[in-house]
Amino acid sequence: MEKTFLMVKPDGVQRGLIGEVVSRFEKKGFKLAAAKLMVIPEELAKKHYGEHAERPFFGELVDFITSGPVFAMIWEGEDVVKTARHMMGATKPSEAALGTIRGDLGLTVGKNIIHGSDSLESAEREINLFFEDSSAINYEKTS
Ligand code: CMP
């Protein structure tokens, strides 16, 4: 079954929005396969956001994502990568549609509540960066 990596960012955790975010994906019908509350080490943050290394906001991005606990998750379900991106809304909350997580709850492009993998390849890479293979639930083997 398709999997994606989602993460409630430090602003979302600090504002008490973990439950709200988890609830939206549960209600949609996706299954939570792994989750952990953690402070991201700088080295992991730089790897995770490696594709943005040349952007002017890279330093700010790494500083922010390591500034407090995040809630890292693996979700699974049919077309979960693309559907989760729709549910998150545009990166800039000012451009995100109402009804999406960022449109309803976010305010700024940096503090935009949630990160989600943008492709199947990114999902695999990000899941492997944050989780051991054995730590995800295999729903095909459980009821
Ligand atoms: P995310 O989906 O986590 O992936 C990269 C992040 O970079 C993005 O969400 C934004 O939060 C962040 N980002 C994009 N543009 C800017 C910017 N101009 N300043 C700070 N952060 C940004």
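Only a predicted model underlies this, so the values are computations on that prediction, with no experimental measurement involved.

## Topic: the overall build of the protein
Link 1 in the chain: Across its full length, the protein holds 7 helices and 4 strands.
Link 2 in the chain: Reading the protein from its N end, one meets helices and strands in the order β-α-α-β-α-α-β-α-α-β-α.
Link 3 in the chain: In summary, the protein has a C-alpha radius of gyration of 14 Å against a globular reference of 15 Å for 143 residues, a match within 12%.
Link 4 in the chain: For the protein, the C-alpha atoms occupy an extent of roughly 45 × 35 × 25 Å along the three principal directions.
Link 5 in the chain: Looking at the protein as a whole, 33% of its 143 residues are labelled buried.
Link 6 in the chain: Of the contacts formed within the protein by residues at least 6 apart in sequence, a portion of 71% connects residues at least 24 apart.

## Describing the pairing of strand β3 (residues 70-76)
Link 1 in the chain: Of all 7 residues in β3, 6 are buried, a share of seventy percent or more.
Link 2 in the chain: In the sheet, strand β1 (residues 3-8) pairs with β3 via 6 bridges, with the strands oriented antiparallel. Residue Phe 5 lies in a different strand from β3, and its bridge partner there is Ile 74.

## Focus: the UniProt feature "domain: Nucleoside diphosphate kinase-like" (unreviewed entry) in the protein
Link 1 in the chain: The sites that UniProt annotates as "domain: Nucleoside diphosphate kinase-like" (unreviewed entry) are residues 1-138.
Link 2 in the chain: A helix fraction of 41% and a strand fraction of 17% characterise residues 1-138, whose end C-alpha atoms lie 9 Å from each other.

## Considering the site of the ligand
Link 1 in the chain: Every residue near the ligand is listed here: His 52, Phe 57, Glu 60, Leu 61, Thr 91, Val 109, Gly 110, Asn 112 and His 115.
Link 2 in the chain: Its residues placed into classes, the shell around the ligand shows 3 nonpolar, 5 polar and 1 charged.

## With respect to the UniProt feature "active site" (unreviewed entry) in the protein
Link 1 in the chain: When the UniProt feature table is mapped to this numbering, "active site" (unreviewed entry) covers His 115.
Link 2 in the chain: In contact with His 115, not counting residues within four places along its chain, are Leu 6, Met 7 and Lys 9.

## Regarding unusual backbone geometry
Link 1 in the chain: Even without being a glycine, Asp 79 presents a positive backbone phi close to 50°.
Link 2 in the chain: Note that Asp 79 resides in the loop between β3 and α5 (80-88).
Link 3 in the chain: Look at Asp 79 and you get exposed, because 11 C-beta atoms sit within 10 Å.
Link 4 in the chain: Phi is positive for Ile 113, which is not a glycine, with a value near 75°.
Link 5 in the chain: If you trace the backbone, Ile 113 turns up in the loop between α6 (101-105) and β4 (114-116).

Thresholds applied
- Residues numbered from 1 in each chain as written.
- Predicted model: local features only at pLDDT ≥ 70, side-chain atom pairs only at ≥ 80, totals over all residues.
- Helix = DSSP H or I, 4+ residues; strand = E, 2+ residues; numbered from the N terminus.
- Rg over C-alpha atoms; globule rule 2.2 N^0.38 Å.
- Buried ≥ 20, exposed ≤ 12 C-beta atoms within 10 Å, placed from the backbone.
- Contact = placed C-beta atoms within 7 Å.
- Pairing = 2+ DSSP bridges.
- UniProt positions renumbered as here; feature names shortened; annotations may be inferred.
- Near = placed C-beta within 6 Å.
- Nonpolar A, V, L, I, M, F, W, Y, C, P; charged D, E, K, R; others polar.

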